Structures are given as structure tokens and as C-alpha cells.
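Residue-level structure breakdown
The chain contents come next:
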Amino acid sequence: MSTFGIVLFLLFGGMAFWLLLFVLGFAVPYWLTLAALEQLRPKRVFDEEEEEEK
């Protein structure tokens, strides 16, 4: 039974490690890139409203 516990511990530890690697290697940089591009993109809402009034 102790071998089963060790194997289960290593299995969960490995899954947590790969999930953390994925999150830090792909998801966080992707999220930060989208946030930066959203901040750099000019807002067009007010320009469209002014054109409709004319």
C-alpha cells in the first residue's frame, strides 16, 4: 500500500509540475501580450460617435 501512495504522490506531483510549466510558459505570456496589445490599441468608440453626429 505504501508503494501505491508513493506512485500516486509522484503522479500528482508530475501533473502539477507540467501544469505549472504550461501556465508559466504559455498562458501567462499570452495573457500579458493580449493585455499589452489592448492597452496600445487606440480606442475608436469616440471617433465613431463624432462621425455619426456630423
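Everything in this summary refers to the structure shown in the same document. Keep in mind it's a predicted model, so treat the numbers as computed, not measured.

**A look at the overall build of the protein**
Per the secondary structure count, the protein includes two helices and zero strands. With 54 residues in all, the protein has 0% of them scored as buried. As displayed, the protein has an accessible area near 5,500 Å², and 72% of this comes from carbon and sulfur atoms.

**Some words on the pattern of salt bridges**
For the structure on display, the rule yields one salt bridge. A salt bridge links Glu38 to Arg41, with the nearest nitrogen and oxygen atoms 2.9 Å apart. Its relative accessible area of 36% is what places Glu38 among the partly exposed residues.

**Quick notes on the packing of aromatic side chains**
Each aromatic ring pair is described using two quantities: the centre-to-centre distance and the angle formed by the ring planes. Under the criterion given, the structure shown has three aromatic pairs. With a centroid separation of 5.7 Å and 10 degrees between ring planes, the pair formed by Phe26 and Tyr30 is classed as stacked. With Phe26 and Tyr30 both in helix α1 (residues 2–40) and four residues apart, the pair spans about one turn of that helix. By relative accessible area, Tyr30 is classed as partly exposed at 48%. The structure contains a cluster of three or more aromatic residues connected by ring pairs, namely Phe22, Phe26 and Tyr30.

**As for α1**
For α1, spanning 39 residues, the distance from its first C-alpha to its last is 55 Å, which sits close to the expected 57 Å at 1.5 Å a residue. Helix geometry: α1 is bent most strongly at Val23, by close to 35 degrees.

Here is what the cut-offs are and how they apply
- Residues numbered from 1 in each chain as written.
- Predicted model: local features only at pLDDT ≥ 70, side-chain atom pairs only at ≥ 80, totals over all residues.
- Heavy atoms only, no water.
- Helix = DSSP H or I, 4+ residues; strand = E, 2+ residues; numbered from the N terminus.
- Buried < 20%, exposed > 50% of the residue type's maximum accessible area, 1.4 Å probe, protein only.
- Areas by Shrake-Rupley, 256 points an atom, 1.4 Å probe, with all protein chains shown as cover.
- Salt bridge = Lys/Arg side-chain N within 4 Å of Asp/Glu carboxyl O.
- Phe/Tyr/Trp six-rings, centres within 6.5 Å; stacked < 30°, edge-to-face > 60°.
- Expected span 1.5 Å × (residues − 1).
- Bend = angle between axes of the 7 residues up to and from the residue.

Keep in mind these values describe shape, not function.
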